[in-house]
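Residues per chain are reported as follows:
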Amino acid sequence: MRHWLKIFREKKGMTQEEVAKLVGISRSAYGHIESGERGVTVTNAKKIAMILEFNWILFFEK
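Analysis parameters
- Throughout, a residue's number is its position along its own chain's written sequence, starting from 1.
- Only residues with pLDDT of 70 or above have their local features reported here, since the model is predicted, and side-chain atom pairs are shown and tallied only from 80 upward, although totals for entire chains, interfaces and linings are computed over all residues.
- To get the side-chain values, take all heavy atoms of the structure and skip hydrogens and water.
- Only runs of H or I of at least four residues qualify as helices and only runs of E of at least two qualify as strands under DSSP, and these elements are numbered from the N terminus.
- Throughout, exposure labels follow a simple rule: accessible area from a 1.4 Å probe, protein chains only, divided by the maximum for the residue type, with under 20% read as buried, over 50% as exposed, and the rest as partly exposed.
- Only heavy atoms matter for contacts: two residues are in contact if any of them lie within 4.5 Å across the pair.
- Throughout this description, the term nonpolar core refers to a set of buried Ala, Val, Leu, Ile, Met, Phe, Trp, Tyr and Cys residues connected via side-chain atoms within 4.5 Å.

1. With respect to the environment of Met1
Relative to the assigned elements, Met1 resides in the segment before helix 1 (3-11). On the accessibility criterion, Met1 (57% relative accessible area) is exposed. Separated by 31 residues in sequence, Met1 and His32 place their C-alpha atoms 9.3 Å apart. Apart from the residues lying within four places of it in its own chain, the contact partners of Met1 are Lys6, Glu34 and Ser35.

Put into structure tokens, the structure is as follows:
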């Protein structure tokens, strides 16, 4: 689980649906990214990071 991603989203006061819409993916796809069940492309990692204001490289750190 990417707990840190949920924390960033909640700090912005956004729902999964809102973030997903801005990224251009389904809420379900975003939910899978947030839960860690699905990987994320560099493009979408950058979009999510821009929206939630964090460094996109966090997605690819272990």
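Next comes the rest of the write-up.
2. Brief notes about the nonpolar core
Within the largest apolar cluster, 15 residues are counted, with the highest numbers of intra-cluster contacts made by Leu5, Tyr30, Ile48, Leu52, Phe54 and Phe59. Considering each element in turn, this core owes the most residues, 5 residues, to helix 4 (residues 42-52). Not counting the four nearest positions on each side in its chain, Phe54 is found in contact with Trp4, Leu5, Phe8, Ile48, Ala49 and Phe59.

3. Topic: the environment of Ser28
One can find Ser28 in helix 3 (residues 27-35). Judged by relative accessible area, which is 37%, Ser28 ranks as partly exposed. As a C-alpha pair, Ser28 and Thr15 span 13 residues in sequence and 12 Å in three-dimensional space.

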